Every structure is written in structure tokens, then in C-alpha cells.
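Structural characterization, general
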Amino acid sequence: MTPAGPEDVPAEFVRALRSLRGVPVRPEVVLDEVPGPARIAPYTAALTAEVRTARRSVAAEDLASGRFVVLYDPEGQEAWEGSFRLVTLVRASLEAEVGADPMLAEVAWSWFHDALESTGVTPHAAGGTVTRVLSQSFGALDRREEQTELEIRASWTAWDENLGPHLAAWATLLCTAAGLPPLPEGVVPLPRR
């Protein structure tokens, strides 16, 4: 449960949240702040994201979506092996032939590690799942095409309160799952305003 007033929030948690401000993400990524989950940790914060073909356009196609959650327990938690735990979710629709690939789960999990590595983050006590969902419609809905959705859930412990690189890694993972090509070497996204 997050305390009511900012005077009750530990300075370490405030600094961690401030480290998320201004993290550059690609223009296709739209971030929004949402309430953090209750009862998991004494202090929480969360962001949602959509990767879209055009930023904030009603006509834009959603390529991927997800959630980035910061959990903080000043006392630490044994299962976390630390005080800060990051919990992420990434969802993306895939082409049917990609979704049928038997190596998809291993490849998607490698995207998680590659994204963290690209920002210099070494995940501590990392774990997660990769789920593939194939939806086939019947009856009145049988005209719909088969849909394949990929879901990557991961959590890991941050060594310190600088969470900016962790957010950048999650944004990279979202873009990879969305099928966006990597940015050319030396090109970086502009910081958010």
C-alpha cells in the first residue's frame, strides 16, 4: 500500500521514480502512468505502454502493449534478494507462421535478455514466462482470421535505485516483440518531454 503523503515515501523510492523521468523511448512507444498494484509491496508505481504505428493517432494500429511495475520494500524481500523488484508484461500479436514456430518461447526469452544487455543491465534473480495463445473463431465469428498472441512476463531485482536503464530495456523489449527493426547503430530516441 502506498502511503497517502509524499512525506511518508522513502527518499530512495522517490529517487528511483525520478530516474525513470526523461528515459528516451522510440516515438512509436506511448507511456502512461497508472496506479501500482496494492498489497504486493509497501511502495509501488506502474507504467503502461502501447507500441503504435503512429503516436497518439486514432487510426494507428497497436503493435504491442505492456506494463512496467516498480515494487519497493525498504526491508527487502527474501524472494527478491533485494529491495527493488521490477515486474514487466509485454503482449504482441504475431503472424500465424511466427506463432507456430516451436522455438518461439526460447527466442522471445532471449529478447528479454538482449534488451537488458543492450542497456547494460544484468538481471538479478530474474524469472518469467513466455506464453503463446492461438485463437480460432467459430460460429458467428468464423470469418475472423486465426490470431496468435505472444505474452512475455518477467521480473528481476535491481541492484540500486537507478531504474532508468531497466525502463529503457523494457521499451526495447516491447519494440522487439512488436516487430520493429532495431535503431541503426549510433541513433538514439529523443528524450520524452
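Everything that follows concerns the structure shown earlier in this document.
A brief structural summary. Given the structure is predicted, the values throughout are model-derived calculations rather than measurements. (Residues numbered from 1 in each chain as written. Predicted model: local features only at pLDDT ≥ 70, side-chain atom pairs only at ≥ 80, totals over all residues. Heavy atoms only, no water.)

Let's talk about the pairing of strand S6 (residues 147–158)
- Counting buried positions over the 12 residues of S6 gives 9, a clear majority of the element.
- Bridge count for strand S4 (residues 82–94) against S6 is 11 bridges, and the pairing is antiparallel. Counterpart to Leu89 in the pairing with S6 is Arg153.
- Across 10 bridges, the pairing between strand S5 (residues 124–135) and S6 is antiparallel. Bridged to Thr129 within S6 is Arg153. (Buried < 20%, exposed > 50% of the residue type's maximum accessible area, 1.4 Å probe, protein only. Helix = DSSP H or I, 4+ residues; strand = E, 2+ residues; numbered from the N terminus. Pairing = 2+ DSSP bridges.)

Re the environment of Arg85
- Position of Arg85 relative to the elements: it lies in strand S4.
- Remark: the alpha-carbon pair of Arg85 and Tyr72, spanning 13 residues in sequence, is separated by 6.5 Å.
- Reaching out from Arg85, the side chain makes a polar contact with the backbone oxygen of Ala125 at a distance of 2.8 Å.
- Reaching out from Arg85, the side chain makes a polar contact with the side chain of Thr157 at a distance of 2.8 Å. (Polar contact = N/O pair within 3.5 Å; in protein donor to acceptor, adjacent residues only side chain to side chain.)

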